[in-house]
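# Per-entry structural report
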Amino acid sequence: MQLRSLRTQLLAWLLVPLAVFVAFNSWVAYRNAAAMATVVHDRILLGSARIIAEQVSYEDGTLQVIVPPAALELFQSDSHDSVYYRISSPNHGLLAGSDDLPLAPIAPVTSRPEESTFFDTIFRGQPMRVVAFSQPVFAAPEHGPVLIEVAQTRRSYNELAELLWMHTVQQQLLILAAVVVLLWIGMRRGLAPIMQLRNTVQQRGPNTLEALDLAAVPYELAPLVNAMNDYVRRLEKHMAAHSRFIANASHQLRTPLTVLNTQVDYGLRSADIDNKNVALTAIRKGVQHGTKLVNQLLMLSTAEMRARPPYEDVNLVAIVKTVLENLALLAQNKSIDLGFEFDEDSITVRDKLSMLDELVSNLVDNALRYTPPGGIVTVSAMREGDQVILRIEDSGPGIPENEYERVFERFYRLQTDHAEGSGLGLAIVREIAAACDAKIILSAPLTHQGLIVTVILERHWH
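Residues numbered from 1 in each chain as written. Predicted model: local features only at pLDDT ≥ 70, side-chain atom pairs only at ≥ 80, totals over all residues. Heavy atoms only, no water.

This part covers unusual backbone geometry. Despite not being glycine, R124 has its phi angle at roughly 55°, a positive value. When you line up the elements, R124 lands in the loop between β5 (115-123) and β6 (126-135). (Helix = DSSP H or I, 4+ residues; strand = E, 2+ residues; numbered from the N terminus.)

Here it is as C-alpha cells:
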C-alpha cells in the first residue's frame, strides 16, 4: 500500500536505513563482545597454567607438581564453571589431573619456552575452552618440557559476552529512541509551514482569488506556491471570461425572447389571417435565430473546454466539400459564386476536438452572409511544407485592419455591420483553432475589396 503521509515517508526513509545500521552494528558488537570475552577467558586460563607451571620441580630424580589453590581461585565466579587440568611429560606420562582431557589439536612448540595454544573442545558433554602451556624443566632439561592443560566450561564466557553485547545494544537502542524523538519533533517543526499553508488555503473564502504570500513560505515550497498562484490567476481569468460570457449571453437571449413574446401577443390580438401569418413568419424567423444563437453558445462553450483527447486523422478536402454542399442553397439564393480550389483529393490533418467542420462552416457561413448578392466566395486548401493552408476569400465589405483583433471577441460586431448574426462566429472559430493548435490570420485581397481568412493547420504524417 502506498504511503500518502509525507511525515511517514520521511520517517521511513530515515528510520529504516538507521534500523538496518543498528542491526548490523549489533551484529558487529556481538562479535566484538565475543572476541573480548575470549581474550579475558584466555588470559585467565593462561594465568592459571603459569601458576601451575611455577610449581613444577625436579627432586630425587622425579618430576613433582603441586597445584596451588591460587591457580583455581582465578575461576571463581557466580557462573560456577567446572575447571579441569592435566599435567604431563613425554618421559613421565601423566603427572596430575584428568588423563582423559583432550590434547591440543596443534601442540605448542616444545623448543620455545612458555609456548601456549588455545582451543575449544567438548569434554564430558560440556563445551570447554582449553589452554595448552609448555613449560621446560630447567633443573632436568633431558626430561623434556612439561605440558600443562587447563580447561574451563564456557558459562562465564557466555555470560560475559552477553553482558558486553547487551550493554552495547542498550546504548544503541537508547540512541535510536533519542533519534526517533528528535526526528519526530524536527519533522513536526519542519512540516509546520505546510500545515500553516493548508490552514491558509482552507480559510480562504470561495470567491477569494488572491495570490498566496510567498514571504513566510520555505524555499522548498516556493515552486508549489508559485504553481498555485499561477493556477489562481488562470482561474480568475477564466471565471472573469465566463462571467462576461454569461452576462453577454443573457443579454443576447433576452432580446430575441422579448421580440418573440411581442410577436406572439400581436398574433393573438390580431383577428386578420394575413396578420397572423405575418406574425407566425416573424416568430419562425426569431426561433431560427434563437436556435442558431443557442447552438453557437453551446459550440463556443465546448471549444472553450480545450479538452486534450488523442488526435484523429481527418480529410480536410472532404470536410470542405460537405460544408459547401450544406451551404450551397444560401449561396444560390444570394447568387454568390461559391467555389473550392484544391490540388489533392485527400489532405490529412490532425483534429483534436472533431470540430474542424464547425470551424470551416462558420468561416464559409460568415463569408456568404457578409458578401453582397452577386459576389464571389472562394475556398482553397493546399499543402505548404509541413503545414496545410485553408483559405476563405470573399468579395464582401471586408474588415478594417484596426478591427482584426476585436472581431474575434464575443458578441462584437462592426458598427457598419447590418447583416444578421450574433457576433459569435469568429469567436467560435478562434476557440476551435486554439484547441486544434491552428493559427488564424486576417488580411485583405490585393486586387479587390473583401476579406481573406487564412487558417494554418498542422499536417499529419503517415
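Past the structure itself, the notes keep going.
This next bit is on the pattern of salt bridges. One pass over the structure, following the stated rule, counts 12 salt bridges. R233 is paired through a salt bridge with D230; the nearest N and O atoms lie 3.8 Å apart. Here R233 pairs with D230, and both are found in helix α5 (residues 222-269), just 3 residues apart, close to one helical turn. Its relative accessible area of 47% is what places R233 among the partly exposed residues. A network of salt bridges, in which partner residues are shared, links D42, D120, R129 and R154. (Salt bridge = Lys/Arg side-chain N within 4 Å of Asp/Glu carboxyl O. Buried < 20%, exposed > 50% of the residue type's maximum accessible area, 1.4 Å probe, protein only.)

The next thing to look at is the side chain of D81. Here D81 shows up in the loop between α2 (69-73) and β3 (83-89). Take D81: its relative accessible area is 12%, and that puts it in the buried class. A polar contact is formed between the side chain of D81 and the side chain of Q152, at a distance of 3.3 Å. Only 3.1 Å separates the side chain of D81 from the backbone nitrogen of R155, close enough to count as a polar contact. Contacts of D81, omitting those with residues within four sequence positions, involve Q152, T153, R154, R155 and S156. (Polar contact = N/O pair within 3.5 Å; in protein donor to acceptor, adjacent residues only side chain to side chain. Contact = heavy atoms within 4.5 Å.)

Residues V181, W184 and I185 make up a contiguous nonpolar surface patch of about 280 Å² in total accessible area. Along the chain, W184 falls in helix α3 (residues 155-190). (Patch = residues over 30% accessible without salt bridge, like charges linked within 9 Å, V, L, I, M, F, W, Y side chains within 5 Å. Areas by Shrake-Rupley, 256 points an atom, 1.4 Å probe, with all protein chains shown as cover.)

Right, let's get into the sheet that holds strand β13 (residues 439-443). Strand order in this open sheet of 5 strands is β9-β11-β12-β14-β13, and the pairing throughout is mixed. Only two strands of the sheet have a single neighbouring strand rather than two, namely β9 (337-342) and β13. Between one strand axis and the next, the sheet turns through 15° on average, direction left out of account. Judged from the 5 bridges that link them, β13 and strand β14 (residues 451-458) form a sheet pairing that is antiparallel. Looking across to β14, one finds that K439 is bridged to I456. Along the sheet, helix α7 (residues 316-333) contacts β9, β11 (376-384), β12 (387-394) and β14; its crossing angle with β9, the most-contacted strand, is approximately 170°. Across the sheet, helix α8 (residues 356-370) touches β9, β11, β12 and β14, and the angle it forms with β12 is around 25°. (Pairing = 2+ DSSP bridges. Axes fitted to C-alpha atoms, helices over the stretch in contact; angles between N-to-C directions.)

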